[in-house]
Amino acid sequence: MVHAIRGVNISLEKGKTAAIVGESGSGKSTIGRAVIRLYDPTDGKIIFEGKDISKKKLDKETRTMLRHDMQMIFQDPMASLNPRKKVEDIIGEGLDIHHSYKTMEERDEKIKAILKKVGLAPDQAQVVNLMKDIQEETGTALLFIAHDLSMVKYISDRIGVLHLGHMLETGTTDEIFNNPIHPYTRALLSAIPTPNPIVEKKRIAMEYNYKTSGIDYNKGTPHNVAGTHYVSCTDEEFVQWTNDSGHTL
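Residues numbered from 1 in each chain as written. Predicted model: local features only at pLDDT ≥ 70, side-chain atom pairs only at ≥ 80, totals over all residues. Heavy atoms only, no water.

## As for helix 12 (residues 235-244)
Turning to step 1, where the next piece is worked out: For helix 12, the set of buried residues is Glu237, Phe238, Trp241 and Thr242. Angularly, the buried residues of helix 12 cover 120° about the axis, an arc narrow enough to put them on a single face. Opposite its buried face, helix 12 presents the exposed residues Asp235 and Glu236, each directed more than 90 degrees away.
Turning to step 2, where the next piece is worked out: Buried-residue contacts for helix 12 involve helix 9 (183-190), strand 7 (221-226) and strand 8 (229-233). (Buried < 20%, exposed > 50% of the residue type's maximum accessible area, 1.4 Å probe, protein only. Helix = DSSP H or I, 4+ residues; strand = E, 2+ residues; numbered from the N terminus. Arc of directions from axis to C-beta. Contact = heavy atoms within 4.5 Å.)

## Details of the sheet that holds strand 1 (residues 17-21)
Turning to step 1, where the next piece is worked out: With mixed pairing, the six strands of this open sheet are ordered in space as 4-1-5-6-8-7. Two strands in the sheet have a free side with no partner beyond their single neighbour: strand 4 (142-146) and strand 7. Pairs of neighbouring strands in the sheet enclose a mean axial angle of 20°, with direction left out of account.
Turning to step 2, where the next piece is worked out: Where strand 6 (residues 166-172) and strand 8 come together, two bridges link them in antiparallel fashion. Bridge pairing links Thr170 to Tyr230 in strand 8.
Turning to step 3, where the next piece is worked out: The strands that helix 9 touches are strand 1, strand 5 (158-163) and strand 6; relative to strand 5, the one it contacts most, it runs at about 110°. (Pairing = 2+ DSSP bridges. Axes fitted to C-alpha atoms, helices over the stretch in contact; angles between N-to-C directions.)

## Quick word on the pattern of salt bridges
Turning to step 1, where the next piece is worked out: Going through the model one piece at a time under the given rule, you end up with five salt bridges.
Turning to step 2, where the next piece is worked out: Between Arg107 and Asp96 there is a salt bridge, and its shortest N-O distance comes to 2.9 Å. Residue Arg107 is found in helix 5 (residues 104-117), and its partner Asp96 is found in helix 4 (residues 87-97); the two are separated by 11 residues along the sequence.
Turning to step 3, where the next piece is worked out: Overall, the relative accessible area of 8% leaves Arg107 in the buried class.
Turning to step 4, where the next piece is worked out: Given the relative accessible area of 29%, Asp96 is considered partly exposed. (Salt bridge = Lys/Arg side-chain N within 4 Å of Asp/Glu carboxyl O.)

## Looking at the pairing of strand 1
Turning to step 1, where the next piece is worked out: With respect to burial, strand 1 is a largely interior element, five of its five residues being buried.
Turning to step 2, where the next piece is worked out: By the alternation rule, side chains of strand 1 split into Thr17, Ala19 and Val21 and Ala18 and Ile20, which are all buried.
Turning to step 3, where the next piece is worked out: Taken together, the five bridges between strand 1 and strand 4 define a ladder with parallel strand orientation. Paired with Ile20 across the strands is Ile145, a residue of strand 4.
Turning to step 4, where the next piece is worked out: Of the strand pairs in this sheet, strand 1 and strand 5 are connected by four bridges, and their pairing is parallel. Each residue of the ladder has a partner; that of Ile20, found in strand 5, is Gly160.

## What to know about the packing of helix 4 against helix 5
Turning to step 1, where the next piece is worked out: In the contact formed by helix 4 and helix 5, the axes pass within 10 Å of each other and the chain directions differ by 115°. Relative to helix 5, helix 4 is oriented roughly perpendicular. Helix 4 and helix 5 meet at a crossing whose hand is right-handed. Contact residues: helix 4 offers Val87, Glu88, Ile91, Gly92, Leu95 and Asp96, while helix 5 offers Arg107, Asp108, Lys110, Ile111, Ile114 and Leu115. (Parallel < 35°, antiparallel > 145°, perpendicular 65-115°, else oblique. Left-handed = near helix turned anticlockwise from the far one by under 90°.)

## Remarks on the nonpolar core
Turning to step 1, where the next piece is worked out: Within the largest apolar cluster, 23 residues are counted, with the highest numbers of intra-cluster contacts made by Leu149, Val152, Ile159 and Val231.
Turning to step 2, where the next piece is worked out: For this core, the secondary-structure elements that each account for two or more residues are strand 1, helix 7 (149-152), strand 5, helix 8 (173-178), helix 9, strand 8 and helix 12.
Turning to step 3, where the next piece is worked out: Top element by residues in this core is helix 9. It accounts for three residues.
Turning to step 4, where the next piece is worked out: Those residues in contact with Leu149, other than ones at most four positions away along the chain, are Val21, Ile159, Phe177, Thr185, Leu188, Leu189 and Ile192.
Turning to step 5, where the next piece is worked out: Within the second largest apolar cluster, nine residues are counted, among which are Ile46, Leu58, Met65 and Met70. (Core = buried A, V, L, I, M, F, W, Y, C linked by side-chain atoms within 4.5 Å.)

## Looking at the environment of Gly139
Turning to step 1, where the next piece is worked out: In this structure, Gly139 sits in the loop between helix 6 (127-138) and strand 4.
Turning to step 2, where the next piece is worked out: Spatially, the C-alpha atoms of Gly139 and Glu13 are 9.3 Å apart, while their sequence positions differ by 126 residues.
Turning to step 3, where the next piece is worked out: Beyond its immediate chain neighbours, meaning those up to four positions away, Gly139 contacts Lys14, Gly15 and Ile134.

## Quick word on the side chain of Thr170
Turning to step 1, where the next piece is worked out: Tracing the backbone through its elements, the reader meets Thr170 in strand 6.
Turning to step 2, where the next piece is worked out: Setting aside residues up to four positions removed in sequence, Thr170 forms contacts with Arg158, Ile159, Gly160, Ile176, Thr228, His229 and Tyr230.

## Side note on the side chain of Thr17
Turning to step 1, where the next piece is worked out: On the secondary structure map, Thr17 appears in strand 1.
Turning to step 2, where the next piece is worked out: For Thr17, the side chain forms a polar contact with the side chain of Gln135, separated by 2.9 Å.
Turning to step 3, where the next piece is worked out: Ignoring any residue separated from it by four or fewer positions in sequence, one finds Thr17 in contact with Leu12, Lys132, Gln135, Leu142, Phe144, Ile155, Ser156, Asp157 and Arg158. (Polar contact = N/O pair within 3.5 Å; in protein donor to acceptor, adjacent residues only side chain to side chain.)

Purely geometric numbers; function is a separate question.
Here's what the structure looks like:
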């Protein structure tokens, strides 16, 4: 059996945004699809609103709750939305399924309110600001999946760095950006360009190759760096990497 992901532990709080970052094939999409139950997990647990939703066969009440309270926004809208349907019909479909209106007039008003909220009104909004506004208003928790650390810096409260199905480093956004420990995390951060031309000229992008790194992800265990900052490694690697990063033990 091939394990797509292993040893992944994620906690997502109400009104907060957690990001999973990693290159293509690292297991990001597998985690997202397992959380929303598009995939059946073969091991481990997924707890949502205090309920264990890991079981292959969920009761009707739990399935209804998941469909109403948990949604996935796919990257490619052309593969996610029916191009033959009007925007009104696509938005209204969710209202229809969950019987969220009493009259057609109420349905129309709700659709207009949703369109306005997501920036499809005359006064368009930036997507990131829009997501944050909706989150503050509704208390929605977001799991943001990306391949680029620079994309998640200003939207995420916490970050998990994933590679080859292993969660290598987790922490708050400040902890990850200010004190990266794992060589893979440091390599990702070193690849981010800076708008300052003087600093950019001096930037050196680090190379990371797992096959030649001498690191065995299967031997790593969680080591606390500080606060909520953890890195997966052996005891020897932890001493070496924290010394290399300038961190004081």
